[in-house]
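# Close look at the chain arrangement
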Amino acid sequence: MSITNNIKEILSKIPETVTLVAVSKTKPNEAILAAYHAGQRIFGENKVQELVAKYESLPKDIEWHMIGHLQSNKVKYIAPFVHLIHGIDSLKLLVEVNKQALLNHRIINVLLQVFIAQEETKFGFSEEEIIDVLNSEKFKQLTNIEVVGLMGMATNTDNEQQIRNEFKSLRLLFEQLKISNFKFPISNFQSQILSMGMSCDYKIAIEEGATMIRVGSSIFGGR
Ligand SMILES: *Cc1c(COP(=O)(O)O)cnc(C)c1O
């Protein structure tokens, strides 16, 4: 299957309300352009250097998402152009993104990564930490960031029920935050985007309420 056909196939299977992020990490510009010419405009990368190089050499109407673990000292390189940062996992990182957003005279949209997997290797906040961060005085001062939702990764397992349960728990938190934000609004927070699901589990993620999926190998082939 070609990249064009893969994209068409995925778009035909997902609801219109779900946003597809094409994860192009490690793939060359030609592959990204093939997806671009098929109409795809949202791409995700997980390495700052690669993201910057691709931003500089590819069409400017692409929305670049940073989906991987982000180090504070590298935020400055992507702050001028990044559309959405998915993997925010500390208050320190939020503070740095806010600082760089201010320097670039813009507001940067971010998602808070929630740790839902039963694995040591995945980054993210616990549910309690998310609630603490959002309600902290420090957070309210970060007026150049907008937290627009949550992101999570399920355990890498064949156990479909486990994956489903992990997505369910993230969805529940997402809905709870939506309700509490309706009652007690926080100016730089909205529970609007739920980013969960990759090639192996995006169908389950959508069934469990994902509004954004991050799909790489099913579009571009294995890495
Ligand atoms: C690589 C990656 C994806 C896409 O993975 P595929 O299995 O290729 O679809 C999604 N999310 C994150 C955070 C990733 O690093």
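Check the entry above for the structure.
Here is a short report on the structure shown in this document. (Residues numbered from 1 in each chain as written. Predicted model: local features only at pLDDT ≥ 70, side-chain atom pairs only at ≥ 80, totals over all residues. Heavy atoms only, no water.)

### With respect to the pairing of strand 6 (residues 145-152)
Across the 8 residues of strand 6, 8 count as buried, placing the element largely inside the fold. Bridge count for strand 5 (residues 108-114) against strand 6 is 7 bridges, and the pairing is parallel. Paired with L111 across the strands is G149, a residue of strand 6. With 5 bridges joining them, strand 6 and strand 7 (residues 189-196) adopt parallel strand pairing. In the sheet register, G149 faces strand 7, and the bridge partner there is I193. Viewed along the sheet, the connection from strand 6 through helix 8 (residues 160-183) into strand 7 turns out right-handed. (Buried < 20%, exposed > 50% of the residue type's maximum accessible area, 1.4 Å probe, protein only. Helix = DSSP H or I, 4+ residues; strand = E, 2+ residues; numbered from the N terminus. Pairing = 2+ DSSP bridges. Right-handed = clockwise from strand over helix to strand, strands pointing away.)

### Some details on the packing of helix 1 (residues 3-13) against helix 2 (residues 29-37)
Taken N-terminus to C-terminus, the directions of helix 1 and helix 2 make an angle of 50 degrees; their axes are 8 Å apart at the nearest point. In terms of their interaxial angle, helix 1 and helix 2 are classed as oblique. Handedness of the crossing formed by helix 1 with helix 2: right-handed. Along its contact with helix 1, which presents I3, T4 and I7, the element helix 2 presents A31, A34 and A35. By residue class, the composition of the contact of helix 1 with helix 2 is 5 nonpolar, 1 polar and no charged. (Axes fitted to C-alpha atoms, helices over the stretch in contact; angles between N-to-C directions. Parallel < 35°, antiparallel > 145°, perpendicular 65-115°, else oblique. Left-handed = near helix turned anticlockwise from the far one by under 90°. Contact = heavy atoms within 4.5 Å. Nonpolar A, V, L, I, M, F, W, Y, C, P; charged D, E, K, R; others polar.)

### Section: the pairing of strand 3 (residues 63-66)
Remark: a regular strand shows side chains that alternate across the two faces of the sheet. Two strands pair when backbone bridges link them, and strand 2 (residues 42-45) and strand 3 are joined in this way by 4 bridges, in the parallel orientation. In the sheet register, F43 faces strand 3, and the bridge partner there is W64. With respect to chirality, the unit in which strand 2 leads through helix 3 (residues 48-57) into the neighbouring parallel strand 3 is right-handed. Bridging between strand 3 and strand 4 (residues 84-88) involves 2 bridges; their strand directions are parallel.

### With respect to the nonpolar core
In this structure, I78, I85, L94, F139 and L150 are the most contacted members of the largest nonpolar core, which totals 65 residues. Discounting chain neighbours no more than four positions away, the residues touching F139 are L94, V133, L134, I145, V147, I186, N188 and F189. By size, the runner-up hydrophobic cluster in this structure holds 8 residues, among which are L84, L111, I193 and M212. (Core = buried A, V, L, I, M, F, W, Y, C linked by side-chain atoms within 4.5 Å.)

### Considering the site of the ligand
In the vicinity of the ligand, the contacting residues are V23, K25, I67, M151, M153, M198, S199, R214, V215, G216, S217 and R223. In the model, an oxygen atom of the ligand is placed 2.5 Å from a nitrogen or oxygen of the S199 side chain. Contact distances for the ligand include 2.8 Å between an oxygen atom and a backbone N or O atom of G216. Contact with the protein chains covers 91% of the free accessible surface of the ligand, which is 390 Å². Placement of the ligand is best described as lying within the largest pocket. Here the shell around the ligand is composed, by residue class, of 6 nonpolar, 3 polar and 3 charged. (Near = heavy atom within 4 Å. Polar contact = N/O pair within 3.5 Å; in protein donor to acceptor, adjacent residues only side chain to side chain. Areas by Shrake-Rupley, 256 points an atom, 1.4 Å probe, with all protein chains shown as cover. 1 Å grid on protein atoms, 1.4 Å probe; cavity = no way out; pocket = protein on both sides within 12 Å on 5 of 7 lines; lining within 4 Å. Sits in = over half its atoms within 2 Å of the grid points.)

### Here's the deal with a negative patch on the surface
A cluster of acidic residues, E127, E128, E129 and D132, forms a negative patch at the surface. Inspection of the secondary structure puts D132 in helix 6 (residues 127-135). By relative accessible area, which is 53% here, D132 ends up exposed. (Patch = residues over 30% accessible without salt bridge, like charges linked within 9 Å, V, L, I, M, F, W, Y side chains within 5 Å. Salt bridge = Lys/Arg side-chain N within 4 Å of Asp/Glu carboxyl O. Lys, Arg positive; Asp, Glu negative; His and termini not counted. Charge placed at Lys NZ, Arg CZ, Asp CG, Glu CD.)

### Quick word on the pattern of salt bridges
Throughout the structure, instances matching the rule amount to 10 salt bridges. A salt bridge links K168 to E208, with the shortest nitrogen-to-oxygen separation between them at 3.1 Å. In this pair, K168 is assigned in helix 8 and E208 in the loop between helix 9 (202-207) and strand 8 (212-215), connecting sequence segments 40 residues apart. Linked by salt bridges that have partners in common, E160, R164, K168, E207 and E208 make up one network.

### Description of helix 1
Listing the buried residues of helix 1 in full gives I3, N6, I7 and I10. End-on view of helix 1: buried residues confined to an arc of 95 degrees, all on one side of the axis. More than 90 degrees from the buried face of helix 1, the exposed residues found are K8 and S12. Structurally, helix 1 contributes buried residues whose contacts are with strand 1 (19-23), helix 2, helix 9, strand 8 and helix 10 (217-220). (Arc of directions from axis to C-beta.)

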